[in-house]
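The chain contents come next:
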Amino acid sequence: RVLRIGLIPGDGIGREVIPAGRRILEALPSSLGLKFEFTDLQAGFETFEKTGAALPDKTVEILKNECNGALFGAVSSPSKVVKGYSSPIVALRKKLDLYANVRPVKTVLTAAKPIDMVIVRENTEDLYVKEERTLDDPAYGGKYAEAIKRISARASSRIATMAGEIALRRQSLRANGVSSIHKAPLVTITHKSNVLSQTDGLFRSTAREALAAPRFSGTVNVEEQIVDSMVYKLFRQPEAYDVIVAPNLYGDILSDGAAALVGSLGLVPSANVGEGFAIGEPCHGSAPDIMGQNIANPIATLRSTALMLEFLGAEEAAARIYAAVDGNLEEGRLLSPDLGGKATTEEVVQDILRRL
Ligand code: NAI
Ligand code: MG
């Protein structure tokens, strides 16, 4: 099987870590039956300065028409408002209907508080439909603003189904040698339906229903938790979570909070996923403070590459990459400076390629 992958390094350290993603794909053993082809694509602030578009139409067309998946580095946002500039990854999610944002957060098993969870965030609706308005009414003391929180059964159902499928796949990755603290698949549905009985209530009941489907029932355990008490437990007892599914806003907050539990942004991957398409994206930004020094941690990108493969149906290849990364972290001999080590980006990549 041939997979064509679009490479969008973007700005800053994106250009140092995305090549590592390409190299690990090229290093996968041919016995897995996968062949990769690559297309270099432009997006980001520098692209905006050169061409006037942060996300050129050509990039979107090639992704749509020629690629099976993509790797996206990071883009710098200008510190002041720049006319005509808007975030290319936000636009990509819309244009390719990437309705889920998936963020695994994992430490080594030997950590003082080992964690191995994945947050599955609905990415198209909720408060982020951006239907806001500012009004004026003496009843509210003058000026006030309001925003629509839109939750549909369709979007809630497909995101919960994806969470269930991820829970099953994680079980099968464990069977394929990927280390984990979990033994049985668990999906936690998070919401605030005690207050928002209609919107979050719909999310909750639809997610419950989707996860009661025959392929999950009996295998995937399902529980639910109110989002505020979830934050408390996430910090106190993060090992209790396997897969978390959340509406857009709670998912955004939970996924950044969870990333803080593992020590470095340089470890945390993500994927933007739609029907038959996935973009792997490290969760960190362009890190101008360390760019050009060959010290950026490539692991977030390598894990994002594996995550992308999971959604392209190349689970065994993904398992190999996860295991190689875990091996590097567990041994702890060649770590980048963000993890307290002295290794360069190149040395970390080479160690992981060797393990692969
Ligand atoms: P950042 O994630 O770029 O950096 C935060 C801190 O973490 C810095 O000290 C950086 O050196 C460190 N860090 C990040 N990734 C690392 C890695 N792989 N290895 C080692 N250390 C790493 O966030 P910051 O500084 O707030 O933003 C910098 C630029 O990136 C801004 O222009 C911002 O808008 C953009 N950004 C882009 C994102 C994206 O493209 N998805 C996400 C977050 C920020
Ligand atoms: Mg965020």
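Residues numbered from 1 in each chain as written. Chains lettered and ligands numbered in written order. Predicted model: local features only at pLDDT ≥ 70, side-chain atom pairs only at ≥ 80, totals over all residues.

All right, on to the site of ligand 1 then. Around ligand 1, the surrounding shell holds 19 residues, and the nearest of these are S77, G266, H284, G285 and N297. Looking at side-chain class alone, the shell around ligand 1 contains 10 nonpolar, 7 polar and 2 charged residues. (Near = placed C-beta within 6 Å. Nonpolar A, V, L, I, M, F, W, Y, C, P; charged D, E, K, R; others polar.)

Looking now at helix α11 (residues 345–355). Among all positions in α11, only T345, V348, V349 and I352 are buried. Down the axis of α11, the smallest arc covering the buried residues is 100 degrees, so these residues share one side. Buried positions along α11 lie against α1 (14–27), α9 (299–311) and α10 (315–331). (Buried ≥ 20, exposed ≤ 12 C-beta atoms within 10 Å, placed from the backbone. Helix = DSSP H or I, 4+ residues; strand = E, 2+ residues; numbered from the N terminus. Arc of directions from axis to C-beta. Contact = placed C-beta atoms within 7 Å.)

This part is about helix α4 (residues 88–95). Residues of α4 that are buried: P88, I89, L92 and R93. For α4, the arc enclosing every buried residue in end-on projection is 140 degrees, short of the 170-degree limit, so these residues lie on one face. Contacts made by the buried residues of α4 are with β3 (69–74), β11 (271–274) and β12 (277–280). A positive phi of about 50 degrees marks D97, the residue just after α4.

Below, the discussion takes up the domain arrangement of the protein chain. Splitting the protein chain by domain gives domain 1 (1–97 + 275–356) and domain 2 (120–260). One C-alpha centre belongs to domain 1, the other to domain 2, and the line joining them spans 26 Å. Listed per partner, the contact involves 10 residues of domain 1 and 9 residues of domain 2. Per element, the largest residue contribution to the side of domain 1 that touches domain 2 is 7 residues, and it comes from α10. Grouping the constituent residues of the side of domain 1 that touches domain 2 by class yields 5 nonpolar, no polar and 5 charged. (Domains from an automatic or database assignment.)

We now examine the packing of α9 against α10. Relative to each other, α9 and α10 sit at 160 degrees, their axes nearing to 7 Å. Between α9 and α10, the crossing angle belongs to the class labelled roughly antiparallel. α10 is crossed by α9, and the crossing has left-handed handedness. Counting all contacts with α9, which are made through I299, L302, R303, T305, A306, L309 and E310, the residues of α10 involved are E315, A317, A318, I321, Y322 and V325. Here the contact of α9 with α10 is built from residues that sort into 9 nonpolar, 1 polar and 3 charged. (Axes fitted to C-alpha atoms, helices over the stretch in contact; angles between N-to-C directions. Parallel < 35°, antiparallel > 145°, perpendicular 65-115°, else oblique. Left-handed = near helix turned anticlockwise from the far one by under 90°.)

The next thing to look at is the sheet that holds β3. Taken together, 10 strands build an open sheet; the order of strands is β2-β1-β3-β12-β11-β4-β5-β10-β8-β9 and the sheet is mixed. Only two strands of the sheet have a single neighbouring strand rather than two, namely β2 (35–40) and β9 (221–226). Recorded for the sheet is a direction-independent mean angle of 25 degrees between the axes of neighbouring strands. Relative to β3, strand β1 (residues 2–10) is paired through 5 bridges, and the arrangement is parallel. Across the sheet, residue I8 finds its bridge partner in β3, namely F72. (Pairing = 2+ DSSP bridges.)

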